[in-house]
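# Structural overview
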Amino acid sequence: MPPPRRREKALRHRLAELRGPEIPAKALDARALAALAANPGCRRRAILDGAGVNKAALASALGSPSVFGQSQFAFVRGNAFEAKVKADGGTELLRLAHEKLDRAAEPPAGAQVPDLTAQGPQGRTARTELALREAAEASGTWTLLDHPMLALDVAGSPAFLEPDAVVVHPDGSWTVVEIKSFPMLDGAADPAKVGAAARQAAVYVLALEQVAARLDPAPRVRHRILLVCPKDFSNLPTASAVDVRRQRAVTARQLARLTRIEEIADALPEGTCFSPELPAERLTEAVESVPATYAPECLSACELAFHCRDSSRAAGAVTSLGRPVRAELGGLTTVEDVLAAARGESGDPDDPAVAALRRAAALRAEALATTAAPEVAPCP
Ligand code: SF4
């Protein structure tokens, strides 16, 4: 087996080939990583994300454009709110961190805000790590890292992540900050949106834990993150501490279940390429050469959802009916298999799924027979 450095270089080369010549890798964000972790069985998504393929461009080139993306208005509003929260050296943000997470510490006057600019994602990651190390050593002060860059190993390939901010407390512990533009009304926000923010933050917590593990002594990464939102219907920031322990544990477990990118890449036919510049037929062939596990949940989490839904329906796969239905059907993977088992033409009668289908089919036939030939009372 070649040494790790050579293997890493060969993998990087192979992933660049899959992306297409001269096409820059699209960085994975925490939202994409959280979605990837939510469907760990999907090799198609894993290799496309691992290779840095722009899935939105790929979906358009396949003729099934995604409906993802934030409106320009929401984007501008989000940026303006974040700038307001971080204005004046992050005074308001640090005040909220002190109030919601660390009241026992000294108030954050004269906090450090290190410059994190560097060349490329690797350079920015190294610069962030240095700033975190320095902040951990300078105990007793507050430090705000504005848009740090963190690397997280995902299925054997590094993913670069950029949280909105990380706060270093006077005791040397670290907190992830998520700034969102959805409102917090009377101290509470839309639970679905808070859940999505918590899943993203959990990814950052995992990445920070990898950095902390390299330091001696390892600083504590807090599992309560700071969620900052506009207060009621104003543009004033307010915040809430969100416990992400559960999301962190689930994401860590799911990421560990991902098949290694190297293994998926090795199983692809020679010459496979996902460049959106290729003709649609070649792209379809390339995409279909990687197994996928489509589920209706993909519609809100993956840019390729319309393409995968069409392929899944064309193949009669039961996964397109949803994960709960799929789980009930055991080894029956296509609608055709399910119907044949229900009609008694195939399937093991001792299989609980087959037995339940036959019973359901019998009940249905009975109900239809009763409806088709109702008992008519004779005329008096
Ligand atoms: S839409 Fe397709 S590629 Fe994306 S996660 Fe679902 S099955 Fe995988």
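Residues numbered from 1 in each chain as written. Predicted model: local features only at pLDDT ≥ 70, side-chain atom pairs only at ≥ 80, totals over all residues. Heavy atoms only, no water.

### A closer look at the layout of surface pockets
The computed volume of the second largest pocket comes to approximately 840 Å³. Counting residues per element, the ones that place at least two in the lining of the second largest pocket are helix H1 (4-19), helix H3 (43-50), helix H6 (120-137), strand E2 (150-154) and strand E3 (157-161). Looking at which element gives the most residues to the lining of the second largest pocket, the answer is H1, with 8 residues. Grouping the amino acids of the lining of the second largest pocket by side-chain chemistry returns 18 nonpolar, 7 polar and 10 charged. Looking at the lining of the second largest pocket, you find at least three residues from each of domain 1 (3-69 + 256-326) and domain 2 (72-243). (1 Å grid on protein atoms, 1.4 Å probe; cavity = no way out; pocket = protein on both sides within 12 Å on 5 of 7 lines; lining within 4 Å. Points joined across faces, edges and corners; volume = space filled by probe spheres on them. Helix = DSSP H or I, 4+ residues; strand = E, 2+ residues; numbered from the N terminus. Nonpolar A, V, L, I, M, F, W, Y, C, P; charged D, E, K, R; others polar. Domains from an automatic or database assignment.)

### Focus on the sheet that holds strand E7 (residues 237-243)
In space, the 5 strands of this open sheet follow the order E1-E4-E5-E6-E7, with mixed pairing throughout. Each of the sheet's edge strands pairs with one partner strand only, and the pair in question is strand E1 (143-146) and E7. For this sheet, the mean inter-axis angle between neighbouring strands, taken without regard to orientation, is 25°. In the sheet, strand E5 (residues 174-179) pairs with strand E6 (residues 224-230) via 3 bridges, with the strands oriented parallel. (Pairing = 2+ DSSP bridges. Axes fitted to C-alpha atoms, helices over the stretch in contact; angles between N-to-C directions.)

### Considering the environment of Ala 61
Topologically, Ala 61 is positioned in helix H4 (residues 55-61). You can call Ala 61 partly exposed: its relative accessible area is 22%. A sequence separation of 218 residues divides Ala 61 from Pro 279, and the C-alpha atoms of the two residues are 7.8 Å apart. Here Ala 61 is in contact with Pro 276, Ala 280 and Leu 283, once residues within four sequence places are set aside. (Buried < 20%, exposed > 50% of the residue type's maximum accessible area, 1.4 Å probe, protein only. Contact = heavy atoms within 4.5 Å.)

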